[in-house]
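# Structural overview for review
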Amino acid sequence: MLLKDKVVIVTGGSRGIGRAIAIASAREGADVAINYWSDNDASYGRRSAISEVLAEIENLGRRAIAVEGNVAAPQTGVDLVRQTVEAFGKVDVLASNAGICPFHAFLDMPPSVLERTVGVNLNGAFYVTQAAARQMKEQGTGGAIVATSSISALVGGGMQAHYTPTKAGVHSLMQSCAIALGPYGIRCNSVMPGTIATDLNADDLADESKRAYFEKRIPLGRLGAPEDVAECVVFLASDRARYVTGAALLVDGGLFVNLQ
Ligand SMILES: NC(=O)C1=CN([C@@H]2O[C@H](COP(=O)(O)OP(=O)(O)OC[C@H]3O[C@@H](n4cnc5c(N)ncnc54)[C@H](OP(=O)(O)O)[C@@H]3O)[C@@H](O)[C@H]2O)C=CC1
Ligand SMILES: C[C@H](O)[C@@H]1OC(=O)[C@H](O)[C@@H]1O
């Protein structure tokens, strides 16, 4: 088991990639604290989503807690770490994953959409990483932080001019934290998923021609699944990756390299 008796925090763990990270971590022997935030603009049953993931982890024989909070608020990371330590005694791994992507054209994008996206995706990653790293430093036993960046850190999107800079920023955050936290044995890396079928892009990919375009352009011939990303996060979080820090792992089925 790659994460036997480790304690893992996952932000944005109620759905999509974060949920898969939480479950994959439990399958590898970890207890898991799951952050989510029900007060955003998604339109379906999030409370049942969080209870399902908790039940799934408990069925795997591991412990799980849910901690609601908007990662864009600095205090959320502090509370999340405190509640995790109260429940499980320590923090070994942070998967900083919560993110939003409200597709919007550039020329008429309201400041509020930009600010919300930067607040959740970049500032949120910063605050949660800082809170977890302080705890790991105090414990004195090292740790691993894996942030969900994106292929969008490397390429643009006409409806994502507010989003792609946050994903580049998340990767840059992990690079700088790798330097700042290396002396404490805390490794910091990012995964860069390609197009993964989740609620985040369900509307966008409901356009059959767009979906078919992606499937054709991805050398492995299919959209990604949340579990494809989760397995890579578990690897980077584990001792198998003990000499890997400041790195980014593309998990995109080959999408990025497929120019022609
Ligand atoms: N899907 C894709 O193709 C790709 C996704 N990514 C990145 O992966 C990450 C996860 O995306 P994905 O799984 O697709 O998205 P989903 O929309 O499926 O899930 C988003 C998760 O983030 C939580 N969340 C949203 N806003 C906040 C907030 N302010 N504070 C705390 N939690 C929040 C949601 O909680 P709740 O259930 O309460 O709403 C949910 O658990 C994001 O960072 C995204 O940028 C990167 C590359 C590709
Ligand atoms: C939401 C998008 O489909 C998805 O998000 C990303 O980060 C990927 O690059 C895709 O654009």
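Structure: above.
Numbering of residues starts from 1 in each chain and follows the order in which that chain's sequence is written. Note on labels: chains are lettered from A, ligands numbered from 1, in written order. Note on the predicted model: pLDDT of at least 70 is required for a residue's local features to be given, and 80 or more for side-chain atom pairs to be given and counted; whole-chain, interface and lining totals, by contrast, use all residues. Excluding hydrogens and water, the side-chain values take into account all heavy atoms of the structure.

### A few points about the site of ligand 1
Around ligand 1 lies a shell of 33 residues, among which Ser 14, Arg 15, Asn 70, Tyr 163 and Thr 198 are the nearest. Here an oxygen atom of ligand 1 and a backbone polar atom of Ile 196 are 2.9 Å apart. Starting at the N terminus, helices and strands are each numbered in turn, a helix being any DSSP run of H or I of at least four residues and a strand any DSSP run of E of at least two. Mapped by element, the contributors of at least two residues to the shell around ligand 1 are helix H1 (16-27) and strand E2 (31-36). Its residues assigned to classes, the shell around ligand 1 shows eleven nonpolar, 18 polar and four charged. A cutoff of 4 Å decides nearness: a residue is near a molecule or strand if any of its heavy atoms lies inside that distance of it. We call two N or O atoms a polar contact when they sit within 3.5 Å, provided that within protein one can donate a hydrogen and the other can accept it, with sequence-adjacent residues counted only if both atoms are side-chain atoms. All amino acids are sorted into three groups, where Ala, Val, Leu, Ile, Met, Phe, Trp, Tyr, Cys and Pro are nonpolar, Asp, Glu, Lys and Arg are charged, and the leftover types, Gly among them, are polar.

### Some thoughts on the site of ligand 2
Near ligand 2, the surroundings consist of Cys 101, Phe 103, Ser 150, Ile 151, Ser 152, Gln 160, Tyr 163, Gly 194, Leu 200 and Asn 201. Ser 152 is positioned such that a nitrogen or oxygen atom in its side chain is 2.5 Å from an oxygen atom of ligand 2. The contact in question runs from an oxygen atom of ligand 2 to an N or O atom on the side chain of Asn 201, over 3.3 Å. Here the Shrake-Rupley method, with its probe set to 1.4 Å, supplies the accessible areas, and only the displayed protein chains count as covering residues. Relative to its unbound accessible area of 290 Å², ligand 2 is 89% covered by the protein chains. Residue classes in the shell around ligand 2 are distributed as five nonpolar, five polar and no charged.

### As for unusual backbone geometry
The phi angle at Asp 5 is positive, at roughly 65 degrees, despite the residue not being glycine. Checked against the element boundaries, Asp 5 lands in the segment before strand E1 (7-10).

### So, a nonpolar patch on the surface
Here the term patch refers to residues with relative accessible area over 30% and no salt bridge, with like charges joined within 9 Å and nonpolar side chains (Val, Leu, Ile, Met, Phe, Trp, Tyr) within 5 Å. By salt bridge we mean one thing: a side-chain nitrogen of Lys or Arg within 4 Å of a carboxyl oxygen of Asp or Glu. A surface patch of nonpolar side chains, amounting to about 410 Å² of accessible area, comprises Leu 154, Val 155, Leu 250, Phe 256 and Val 257. On the secondary structure map, Leu 250 appears in strand E7 (residues 248-251). Only protein chains enter the accessibility calculation, which uses a 1.4 Å probe; a residue whose area is less than 20% of its type maximum is buried, one above 50% is exposed, and one in between is partly exposed. For Leu 250, a relative accessible area of 31% gives the class partly exposed.

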